[in-house]
Amino acid sequence: MYDNRASESAVTADDIKIEAKGVNVHYGTTHAIKDVDVSILDKTVTAFIGPSGCGKSTFLRCINRMNDTIDVARVTGDIRIDGEDINDARVDPVQLRAKVGMVFQKPNPFPKSIYDNVAYGPKIHGLAKNKGDLDDIVERALRRGAIWDEVKDRLHAPGTGLSGGQQQRLCIARAVATEPEVLLMDEPCSALDPIATGQVEELIDELRRDYSVVIVTHSMQQAARVSQKTAFFHLGNLIEYGDTDEIFTNPKDPKTESYITGRIG
Ligand SMILES: Nc1ncnc2c1ncn2[C@@H]1O[C@H](COP(=O)(O)OP(=O)(O)O)[C@@H](O)[C@H]1O
Ligand SMILES: [Mg+2]
């Protein structure tokens, strides 16, 4: 169903979207991320896998500075997007989060209309000059979220009235409405049924044409279906990172092998 091959050409510096070096995260005395280095590619889906509590969500939140919102969290190290240090004092985290969109485990539409859910971000970031502009942005984002046809006749109905799978696609539309470059997804299908999961997975495959997509998943089948690159975390360490088919068929580290064969996790 998906074309899962990573690009044939060699990786160049231009393909690197996110570069992390020596990243550590502490929550009080818990050392949740330990010296992680990783280069995440543009126009690629990267899966973060590993046992519960290994730090997948924590590392994902480093990429849009969501850990800033957690009082006890302390992040050190260097993370660059297109070469720019995201933790630089001059970076506004609100602007950063528009550029690095996030979709969560549980679909969380605002208690507003479908239209307003999508229009909210573009409005606060001043992306529309007038109502016509805003209408276009909303339509484009809902099309991107593969949900336009299902909602175009009820844009002013509440977003919370949609099914779970539709709500998650609405949240993806909301995230893409601010023209991000990176999309972070933390177990985006874990609250969805298999049909809705399939629809969201297909959408993720389409989104990689335009974005660098990073998805946390506890499902190795999902990682194998949607990603081209996989990073395996264990106890806060990034154990192995590489082409998804390599990780699943020929892992280099015994810990990766134990996890993918079901012996740890
Ligand atoms: N907000 C938090 N406050 C304190 N500890 C946290 C917080 N979030 C996560 N942790 C701890 O950090 C570690 C990594 O958690 P997490 O990133 O959620 O793992 P994963 O997403 O892989 O399940 C765990 O030990 C977890 O208990
Ligand atoms: Mg998590």
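What comes next concerns the included structure.

Rules behind the numbers
Residues numbered from 1 in each chain as written. Chains lettered and ligands numbered in written order. Predicted model: local features only at pLDDT ≥ 70, side-chain atom pairs only at ≥ 80, totals over all residues. Heavy atoms only, no water. Pairing = 2+ DSSP bridges. Helix = DSSP H or I, 4+ residues; strand = E, 2+ residues; numbered from the N terminus. Axes fitted to C-alpha atoms, helices over the stretch in contact; angles between N-to-C directions. Parallel < 35°, antiparallel > 145°, perpendicular 65-115°, else oblique. Left-handed = near helix turned anticlockwise from the far one by under 90°. Contact = heavy atoms within 4.5 Å. Nonpolar A, V, L, I, M, F, W, Y, C, P; charged D, E, K, R; others polar. Near = heavy atom within 4 Å. Polar contact = N/O pair within 3.5 Å; in protein donor to acceptor, adjacent residues only side chain to side chain. Areas by Shrake-Rupley, 256 points an atom, 1.4 Å probe, with all protein chains shown as cover.

## Things to note about the sheet that holds strand S5 (residues 84–85)
Consideration 1: Taken in spatial order, the four strands of this open sheet run S2-S1-S4-S5, and their pairing is antiparallel. Looking at the sheet topology across the chains shown, the edges are occupied by strand S2 (30–41) and S5.
Consideration 2: Pairing of strand S1 (residues 16–27) with S2 involves eight bridges; the strand directions are antiparallel. Each bridged residue has a counterpart across the sheet, and for Ile-18 the counterpart in S2 is Ile-40.

## Here's the deal with the packing of helix H6 (residues 164–176) against helix H7 (residues 194–207)
Consideration 1: Axis separation between H6 and H7 bottoms out at 9 Å; the angle between their running directions is 20°. One finds that H6 runs roughly parallel with respect to H7. Handedness of the H6/H7 crossing: right-handed. The residues of H7 that touch H6, namely those facing Gly-165, Arg-169, Ile-172 and Val-176, are Ala-196, Gln-199, Val-200, Leu-203 and Leu-207.
Consideration 2: Partitioning the contact of H6 with H7 into residue classes produces six nonpolar, two polar and one charged.

## A look at the site of ligand 1
Consideration 1: The environment of ligand 1 is formed by Tyr-27, Ala-32, Pro-51, Ser-52, Gly-53, Cys-54, Gly-55, Lys-56, Ser-57, Thr-58, Arg-61 and Ile-70.
Consideration 2: Take Lys-56: an N or O atom from its side chain is 2.8 Å from an oxygen atom of ligand 1.
Consideration 3: Take Ser-57: an N or O atom from its side chain is 2.8 Å from an oxygen atom of ligand 1.
Consideration 4: Compared with its free state, where it exposes 550 Å², ligand 1 has 64% of that area covered by protein.
Consideration 5: Counting residues per element, the shell around ligand 1 draws most heavily on helix H1 (residues 56–62), at four residues.
Consideration 6: Among the residues making up the shell around ligand 1, the classes are represented as five nonpolar, five polar and two charged.

## Some remarks on the sheet that holds strand S8 (residues 212–216)
Two orientations exist for strands paired in a sheet by backbone hydrogen bonds: parallel and antiparallel.
Consideration 1: The six strands are arranged S6-S7-S8-S3-S9-S10 in an open sheet whose pairing can be described as mixed. Of all the strands in the sheet, just strand S6 (100–103) and strand S10 (237–243) have a single pairing partner and so form its edges. Sheet twist, expressed as the mean angle between neighbouring strand axes with direction ignored, is 15°.
Consideration 2: With four bridges joining them, S6 and strand S7 (residues 182–186) adopt parallel strand pairing. If you follow Gly-101 over to S7, its bridge partner there is Leu-183.

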